[in-house]
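Structural overview for review
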Amino acid sequence: MNSPSRSILVFGVYILLVGLALFFVPNVITSIFGLPEPTEAWVKLVGALVFALGLYYIQATRDNNVAFYRMTVWVRAIFVVMFAIIALTNAGYINLLLFAAVDALGTVWTWYALRQAPAMKPSMA
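Below is a short write-up of the structure. (Residues numbered from 1 in each chain as written. Predicted model: local features only at pLDDT ≥ 70, side-chain atom pairs only at ≥ 80, totals over all residues. Heavy atoms only, no water.)

1. Concerning the overall build of the protein chain
From N to C terminus, the protein chain includes five helices and zero strands. Secondary structure elements of the protein chain, listed N to C terminal, follow the sequence α-α-α-α-α. Projecting the C-alpha coordinates of the protein chain onto the three principal axes gives extents of approximately 45 × 25 × 15 Å. Looking at the protein chain as a whole, 36% of its 125 residues are labelled buried. (Helix = DSSP H or I, 4+ residues; strand = E, 2+ residues; numbered from the N terminus. Buried < 20%, exposed > 50% of the residue type's maximum accessible area, 1.4 Å probe, protein only.)

Okay, structure coming up:
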């Protein structure tokens, strides 16, 4: 497995686990980040969506989908900025910067791995 694929696989497993935690034990995740205890179903819906995204990431590594890898760099960078804006403009949500930091590190890893990989061509799958 090449380094870009490894970075996407690791991130895919990470968000898969976050999605499962948000779905099955949302209070654990929200308490870790100092967020209010969720009382509505939206957090479980977000967990289901994050879980599904994790499956997409994992499948992309099986197909060595380089176009997907490249797109995630942009999308994850935008996500980091959006999370930072939420964290910095809403009192009590500063701990969301921890999620943003994990995403930022993963994004930089994938970006760097793609730059170092010898002429990776997008898959035709």
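2. Topic: the packing of helix H4 (residues 66-89) against helix H5 (residues 96-116)
Remark: H4 packs on H5, axes separated minimally by 9 Å, with the N-to-C direction vectors making an angle of 155 degrees. Of the possible angle classes, the one that applies to H4 and H5 is roughly antiparallel. Along this stretch, H4 crosses H5, giving a crossing that reads as left-handed. (Axes fitted to C-alpha atoms, helices over the stretch in contact; angles between N-to-C directions. Parallel < 35°, antiparallel > 145°, perpendicular 65-115°, else oblique. Left-handed = near helix turned anticlockwise from the far one by under 90°.)

3. Description of H5
Between its first and last C-alpha, H5 extends 30 Å over 21 residues, near the 30 Å set by a 1.5 Å rise per residue. Looking at H5, one finds that the buried residues are Leu 96, Phe 99, Ala 100, Asp 103, Gly 106, Thr 107, Thr 110, Ala 113 and Leu 114. Within H5, the buried residues cover an arc of 160 degrees as seen down the axis, which keeps them to one side. In H5, the exposed positions angled more than 90 degrees off the buried face are occupied by Leu 105 and Arg 115. Packing partners of the buried residues in H5 comprise helix H1 (3-24), helix H2 (26-32) and H4. (Expected span 1.5 Å × (residues − 1). Arc of directions from axis to C-beta. Contact = heavy atoms within 4.5 Å.)

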